[in-house]
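Structural features, examined
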Amino acid sequence: VWIARKAKEMDKKVLFVRSKFDQDVANKMRDDPGYFDWGQEEGEERLLEEHRQDYVNKLEALGYGRVDIGDVFIISGLLYNIQRGRWDATELKDAILKQLDIQQKMLLITTCQDYSPTMVRAKAEIYRSRAWKVALGMAAGGAIPFAGTGINAGTTVATVLLFKRGFGLDEASVGRLATLTGKNREELLRFVDERLSLVNKVTQFFQGKISLQHLKEALVAAGVSGVFAAGIAMDVTIDMAVPFIGGLVTAPASFGLAWYALSLVIEQQEQCALALLEYAFR
C-alpha cells in the first residue's frame, strides 16, 4: 500500500490485482454450494464483485485513500485462465494497454500471448491504427533505386509476420495453443493455413516465390477488388522498366496499395485468430 500511495503521489496510474480467484470459486462451491443455484457463471460474477468491493474497502481502511473500483482486477493465478481471459484478465490487459504509447502497445501485444477473443479484436484495432505509418515506410522504401517495386518487399514481409505472431498464428504460438487445449498441432496449423491463404499469397509474392499472375488469381478468387491487383501490376511494371524514376513516380500510389494490403492482412488474420480460438477451445 505504501508503494501504491507513493506512485499515486507521483501522478502514476495504479492498478490493483488480486489473484487466485479460481481457488476462491472452488472454496465457495465446497463451503456454500447453494450460492451457485442460479448458475455457475452468475455465481462467479457475483462472487467476483463481492471480492472486488472487499478489496476496495481494505485498501481504503489501510490508508491508501479513495480507490476507484474500476482499478481493481480479480484474476486467476493459473496460466490457462489468464490466457483464456477469464474473469478480469482481459480487462486488466486492456487497462494496461491504455497507459502505454503505441510502441509499448505493439511490444506488449506481440510478446504477451493470450487466447481471448476480446484481446484479438483489441490487437486488430492497434494494428489498424499503425497500418498507415507502416504503409508510408513501405512506400518510401520502395523509392530506393533498383528496389524492383514501389512497395518495399522486406518491410512488407516483416510486418505481415509480426502481425501473424501478434495474433498467435505463427507455428510456435499455434503449438502452445495445441498443448493448452489438447488439440493436434498439425490439425491446428492446417486450420490456420486454410484461412490465411490470401495472406500467404501476398507474403509469397513479396518474397519472390510466386508471380504477379498467381497473386492476381488469388485476389480475384478471394473476391478482392481488381483495383488492388491492377495497382500492383502497374507499380511493378513501371518500376522494373525505369527502376529509379519508376520508384519515385509510383511512390504515392504505392502508399495506397501498401495500406490496402496491410488492411487486408489484418482483417484476414483477425478473423482467422477468432475462428482458431473457437475451434481449439470447442
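Points about helix α9 (residues 171-181)
Restricting attention to buried positions, one finds in α9 the residues Ser173, Val174, Gly175, Leu177 and Ala178. Remark: Gly182 follows α9 within two positions and exhibits a positive phi of approximately 80°.

Quick look at the packing of helix α2 (residues 21-31) against helix α3 (residues 40-61)
Where α2 meets α3, the axes come as close as 11 Å, and the angle between the chain directions of the two elements is 115°. Judged by the sense of rotation from one axis to the other, the crossing of α2 with α3 is right-handed. Contacts between α2 and α3 involve Phe21, Asp24, Val25, Lys28 and Met29 on the former and, on the latter, Gln40, Glu44, Leu47, Leu48 and His51. A breakdown of the residues in the contact of α2 with α3 according to their chemical character gives five nonpolar, two polar and three charged.

Digging into the pattern of salt bridges
This structure, assessed with the given rule, holds 15 salt bridges. Ionic pairing is found between Asp54 and Lys58, a salt bridge with its closest N-O pair at 3.3 Å. In this pair, Asp54 and Lys58 are both assigned in helix α3, four residues apart and thus about one turn of the helix distant. Here the residues in one salt-bridge network are Glu125, Arg128, Glu267 and Glu270, joined through shared partners.

Remarks on the side chain of Lys93
As for its position among the elements, Lys93 is in helix α5 (residues 89-97). The contact partners of Lys93, leaving out residues within four places of it in the chain, are Ile82, Asp114 and Met119.

So, unusual backbone geometry
Not every positive phi belongs to a glycine, and Lys20 is a case in point at roughly 65°. Mapped onto the fold, Lys20 is located in the loop between β1 (16-18) and α2.

Here we look at empty space enclosed by the protein
Counted by the stated rule, this structure contains one cavity of 30 Å³ or more. Of the pockets and cavities examined, the largest cavity occupies roughly 70 Å³. When contributions to the lining of the largest cavity are tallied by element, the ones reaching two or more residues are α7 (117-141) and α14 (243-280). The biggest single contributor to the lining of the largest cavity is α14, with three residues.

Criteria and cut-off values
- All residue numbers refer to positions counted from 1 along the written sequence of the respective chain.
- Owing to the predicted nature of the model, reporting of local features is limited to residues with pLDDT of at least 70; listing and counting of side-chain atom pairs is limited to 80 or more, with chain, interface and lining totals taken over all residues.
- Only hydrogens and water are set aside when side-chain values are computed; all heavy atoms of the structure are taken into account.
- The buried label applies to any residue whose accessible area, calculated with a 1.4 Å probe on protein chains only, is under 20% of its type's maximum; exposed applies above 50%, and partly exposed to all values in between.
- Each helix is a run of DSSP H or I of at least 4 residues and each strand a run of E of at least 2, with the numbering of both proceeding from the N terminus.
- Between N-to-C directions, angles span 0 to 180 degrees; the directions come from axes that are lines fitted to C-alpha atoms, helices contributing only their stretch in contact.
- Here is the rule for handedness: rotate from the far helix to the near one, and if that takes an anticlockwise turn smaller than a right angle the crossing is left-handed, while a clockwise turn gives right-handed.
- Throughout, a residue-residue contact means that at least one pair of heavy atoms, one from each residue, lies within 4.5 Å.
- We call Asp, Glu, Lys and Arg charged. Ala, Val, Leu, Ile, Met, Phe, Trp, Tyr, Cys and Pro are nonpolar, and the rest, Gly among them, are polar.
- We define a salt bridge as a contact between a side-chain nitrogen of Lys or Arg and a carboxyl oxygen of Asp or Glu at a distance within 4 Å.
- Only protein atoms enter the 1 Å grid, on which a cavity is a set of points fitting a 1.4 Å probe that cannot get out and a pocket is an open set with protein on both sides within 12 Å along at least 5 of 7 lines, lining residues being those with an atom within 4 Å of a point.
- Grid points are joined across faces, edges and corners, and a volume is the space filled by probe spheres set on the points.

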